[in-house]
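Structural overview for review
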Amino acid sequence: MRIPDGVLRAVVLVVTVSLTLVLLPIAINVGTGGTAPSFLAPYVAWTWPLIGLLWLVAIITALFEVRSRRLPTVSRSADQPRNRPNALARVDRYLSQRVAGSLASRTRIELAFDELPEAVVRPYDLLVQPLDSTPRQVPDDADIASVFDELQDSMLILGAPGAGKTTLLLDLARTLSAQAHADVNKPIPVLIDLAGWTAQQSRRADDDPLDSANLAGFVRWLLNELNARYGIPPAVGRTWLRRGRLALLLDGLDEIVKADRDKLAPVLEELRRRYLVGKLAITCRTQDYQLLTHKLSLYGAVHIRPLTRQQVLDYFAAVGPELDGARAAIEQDDALWDLVNSPLMLNVMILAYQGREPEEVVAGGVADLRRELFDTYISEVLARDRLTSRQYDPSTAVRSLWCLAWWTRSRAGDRTAVPRWLVPNGWYGLSLHEVDYLAHVIFLPTLFAALTAGATLATMAQYGVLAGLAVAAAALLLVHIRPHSWQESSPPESKLHRAPLLAVTLAVGTATAVILVVAVMGLVELLPPWLALVAEAAAIAASYVIELIVSDNNRRRGLLAVRVLVVVVASALTLELGAAPRDFASGLAIGLIVAQGIRVVKHLPSDHLVHHAIATSRGHGWRMDPWVLGGALLAVLLALALGADLASPSLEAVVGVLVGAVAAKAWRRRAPVLAGPLSRLLHDFLLRWTGYLPWRRRAFLRYAADRYVLARTGRGEYSFIHLLVRDHLAECSPNHLAAKVDHRIAERAAGHSTTGSFSA
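Looking only at helices and strands, one finds 30 helices and ten strands in the protein. When the 760 residues of the protein are sorted by exposure, 51% land in the buried category. Across the protein, contacts joining residues at least 24 apart in sequence account for 81% of those joining residues at least 6 apart. Summed over all atoms, the accessible surface of the protein reaches about 35,500 Å², with 61% contributed by carbon and sulfur.

And the structure:
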């Protein structure tokens, strides 16, 4: 799920204000002749510039927040004169983008169709039994708008995958839009993809109380789509829907989740009774429609006929020599005639063989199966150079397309459009060997080492070598407390740039740990010792009380009581015998942070990464020893290099670290709150690192659209050129297909083909 902008702005405000509140007293104290904490003394000169920068960030963020919270412009009345032309302009722009981005814009071929009266429940059939319900052939020169008019503006369009259903709906929409421009009494056509609709039973305050729960949910979804797609405010859209000012063109009944498809017919029937829907057209795959329990209540249905051989040959003859390669392919293998029976497959074959010499096609063999033809198509369009977009190597391009297709097809809701934000939540269930290997063998142990190094370094610099070693010892112990969420993994065949990943993870992780520990030490330094201790005691006590309440295991409760006793006794003795309560409070906070940090890291691969395999894996806890010890050694070396005083021990800080580690309950198997989101972010990052997702989304989407794999459907919005292309990419082997693309690029560079270039 995408993080809302408001939440992100709130986080930025909290962080900037918190850091300012920490630094401001220090700056004031130094400015009035005081001294800064010893660990911040070298950086005093930067205090005021940093405070100024933080306040600038806070002010800018606050301005954005105020702007976002302004009341939206009051929607004009539905009768306001500018509403209609504005909506029509947006409709025209959207339709133009859909047509320009589709394969249909490349190959215009007249589609023929038959009427199927029995496919729908016609309203008057409920009163009078029709005498003739056999299919009626529509004249070849009839256009979809005239058939729609003949069927009283209420029609179902059926056809095979790729037959041209969406193309006909777009043609109908453009005709209806032209009529709406010419006559203010004509409704505005709105093309809506049904893939995003799911049956909703919930009701809201703004729903019509007379609508059923299903209809209320459908209308609410429809109004949201009108607002997002055409800028029609929900209040205006609802009024226009009631007055018959909208012509609903609903595309892709077969793309609705299977469990909800049968619920659409009753919803549309109630919609026609409760609202004035003057014009309604729906598309669906023939096979999927035949499986529905409830037929749609419409005035008629048409079925798109497959392309004939003569239509294909006539098209080749009209285009000329540019398609000689495609003609050679189809003449060489009769099986292609049965495959190239729809506009989509004709386009696929044309793009696969366009511009290639007949001799080259005949020598290279012909793809005689759909899968192989789509492989040829993908290989050819990705192998061709385009100067209008960034270039990608075949492995990255195919892997990214496979990943986008897999997710687009698998995720709930709209399974047609490529998501605008590649959020980690959508990748659940996608387990890849390369990602698993990097997560468990490189990323996870490096994070342990970085956390240990950063915490040890910061603690050692402030409280001496004993406190630093206490942090390292606590980290080493906590790593071995169950659960162990990592597993052994054999190296993949492909090179994954493991060394750079290790270096980046170590650097970023160590810096983050240092910043957290220094921030905690600074906060404790600013507070009175008793106040810091009370706050820490309250946090620990609250977590233990909650655990005692929710736990029904007496043995666990007994262990909790023992831990509480150990923490209380050790704290009391240290405060009674020691002379530095502030050091104890700081060490206690550091121990809590280290323990919770290790707990979070231990749960990172357990959310999305091979969680099914973890349950059966014995775990290899002790193999993390070298990484934790290596992190501690790295911290010692850095501390020596930076000139830290290693001979100034603080025993109170040492005890505080150990007490914090004991009190933190790092042994709990239940994942902390942040583990899930961080795990998904980790998975998303590693998908990009391994080339399964593009680093720059927009650039890659433009690249794919330029090669007729994706189609631009709106501003910043893309969808796969067709569902068959999406399904083929989702089911292909990325490495195998990338090898074919590489082979085709080499052929084009060499200027000749090799026998069997694209055969399976």
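This brings us to the packing of aromatic side chains. This model, assessed by the stated rule, comprises ten aromatic pairs. Judged by centre distance (6.3 Å) and plane angle (55 degrees), the ring pair of F443 and F685 falls under tilted. With F443 in helix α18 (residues 433-463) and F685 in helix α27 (residues 675-689), the pair connects residues that are 242 residues apart, well separated along the chain. Here F685 falls in the partly exposed class, since its relative accessible area comes to 26%. Seen in terms of ring centroids, F685 and W689 are 5.8 Å apart; in terms of plane orientation they differ by 40 degrees. Their pairing is tilted. Of this pair, F685 and W689 both sit in helix α27, four residues apart, roughly one helical turn. By the ring-pair criterion, three or more aromatic residues cluster together here, those being F443, F685, W689 and W695. Across from the ring centre of Y275, 6.0 Å away, lies the NZ or CZ of R274, which sits over that ring.

Our next topic: a positive patch on the surface. A cluster of basic residues, R696, R698, R702, R712 and R715, forms a positive patch at the surface. If you trace the backbone, R702 turns up in helix α28 (residues 697-706).

A complete count under the given rule lists eleven salt bridges for this structure. Measuring nitrogen to oxygen at the nearest pair gives 2.8 Å for the salt bridge that ties D153 to K279. Residue D153 is located in the loop between α4 (144-150) and β3 (154-159), and its partner K279 is located in strand β6 (residues 279-285); the two are separated by 126 residues in the primary sequence. Among the ionic contacts, a cluster of salt bridges with common partners joins D208, D211, R242 and R274.

Taking burial as the measure, the six residues of strand β4 (residues 188-193) include six buried ones, the bulk of the element. Here β4 shows no split at all, with I188, V190 and I192 on one side and P189, L191 and D193 on the other all buried. Relative to strand β5 (residues 246-251), β4 is paired through six bridges, and the arrangement is parallel. For V190, the partnering residue across the bridge sits in β5 and is L248.

In this section: unusual backbone geometry. Even without being glycine, Q152 reaches a positive phi, approximately 60 degrees. By the element assignment, Q152 lies in the loop between α4 and β3. The phi dihedral of D153 falls on the positive side, at around 60 degrees, and the residue is not glycine. D153 gets classed as buried once you look at its relative accessible area, which sits at 16%.

With seven of seven residues buried, β6 lies mostly within the body of the structure. Pairing of β5 with β6 involves four bridges; the strand directions are parallel. Looking at β6, one finds that A247 is bridged to K279.

Okay, the packing of helix α3 (residues 83-100) against helix α5 (residues 165-182) next. Interhelical geometry of α3 versus α5 gives an angle of 150 degrees and a closest axis separation of 10 Å. Overall, the two elements α3 and α5 adopt an arrangement that is roughly antiparallel. Seen along the crossing, α3 lies across α5 with a hand that is left-handed. Contacts between α3 and α5 pair R84, L88, D92, L95, R98 and V99 from the former with T166, L170, A173, R174, S177, A180 and H181 from the latter. Residues of the contact of α3 with α5, tallied by class, amount to six nonpolar, three polar and four charged.

To continue, consider a nonpolar patch on the surface. On the surface, L50, L53, L56, V57 and I60 cluster together to form a nonpolar patch covering roughly 410 Å² of accessible area. Mapped onto the elements, L53 comes out in helix α2 (residues 47-69).

Looking at the element boundaries, E118 is found in the loop between β1 (113-115) and β2 (136-137). Since its relative accessible area comes to 34%, E118 is described here as partly exposed.

Take helix α29 (residues 723-731) next. Of all nine residues in α29, eight are buried, a share of seventy percent or more. Of the residues making up α29, those classed as buried are L723, L724, V725, R726, D727, H728, L729 and A730.

It is at 8 Å that the axes of helix α19 (residues 465-479) and helix α26 (residues 651-663) come closest, and there the two elements cross at 15 degrees. Between α19 and α26, the angle is such that the two are roughly parallel. Every pair of crossing elements has a handedness; the one defined by α19 and α26 is right-handed. Across the interface between the two elements, L466, A467, A470, V471, A474 and L478 of α19 pack against L651, A653, V654, V657, L658 and A661 of α26. Residue composition of the contact of α19 with α26, by class: twelve nonpolar, no polar and no charged.

In the predicted model, the protein carries a mean pLDDT of 75, and the fraction of residues at 70 or more is 72%. A low-confidence stretch, residues 69-75 stays under pLDDT 50, and its non-local contacts, those more than four residues away or across chains, total two contacts. Overall, residues 607-622 carries pLDDT values under 50, and its contacts beyond four positions in sequence, including any with other chains, amount to 39 contacts.

Reading the values: the criteria
Residues numbered from 1 in each chain as written. Predicted model: local features only at pLDDT ≥ 70, side-chain atom pairs only at ≥ 80, totals over all residues. Heavy atoms only, no water. Helix = DSSP H or I, 4+ residues; strand = E, 2+ residues; numbered from the N terminus. Buried < 20%, exposed > 50% of the residue type's maximum accessible area, 1.4 Å probe, protein only. Contact = heavy atoms within 4.5 Å. Areas by Shrake-Rupley, 256 points an atom, 1.4 Å probe, with all protein chains shown as cover. Phe/Tyr/Trp six-rings, centres within 6.5 Å; stacked < 30°, edge-to-face > 60°. Lys NZ or Arg CZ within 6 Å of the ring centre and 35° of its normal. Patch = residues over 30% accessible without salt bridge, like charges linked within 9 Å, V, L, I, M, F, W, Y side chains within 5 Å. Salt bridge = Lys/Arg side-chain N within 4 Å of Asp/Glu carboxyl O. Lys, Arg positive; Asp, Glu negative; His and termini not counted. Charge placed at Lys NZ, Arg CZ, Asp CG, Glu CD. Pairing = 2+ DSSP bridges. Axes fitted to C-alpha atoms, helices over the stretch in contact; angles between N-to-C directions. Parallel < 35°, antiparallel > 145°, perpendicular 65-115°, else oblique. Left-handed = near helix turned anticlockwise from the far one by under 90°. Nonpolar A, V, L, I, M, F, W, Y, C, P; charged D, E, K, R; others polar. pLDDT = per-residue confidence, 0-100.

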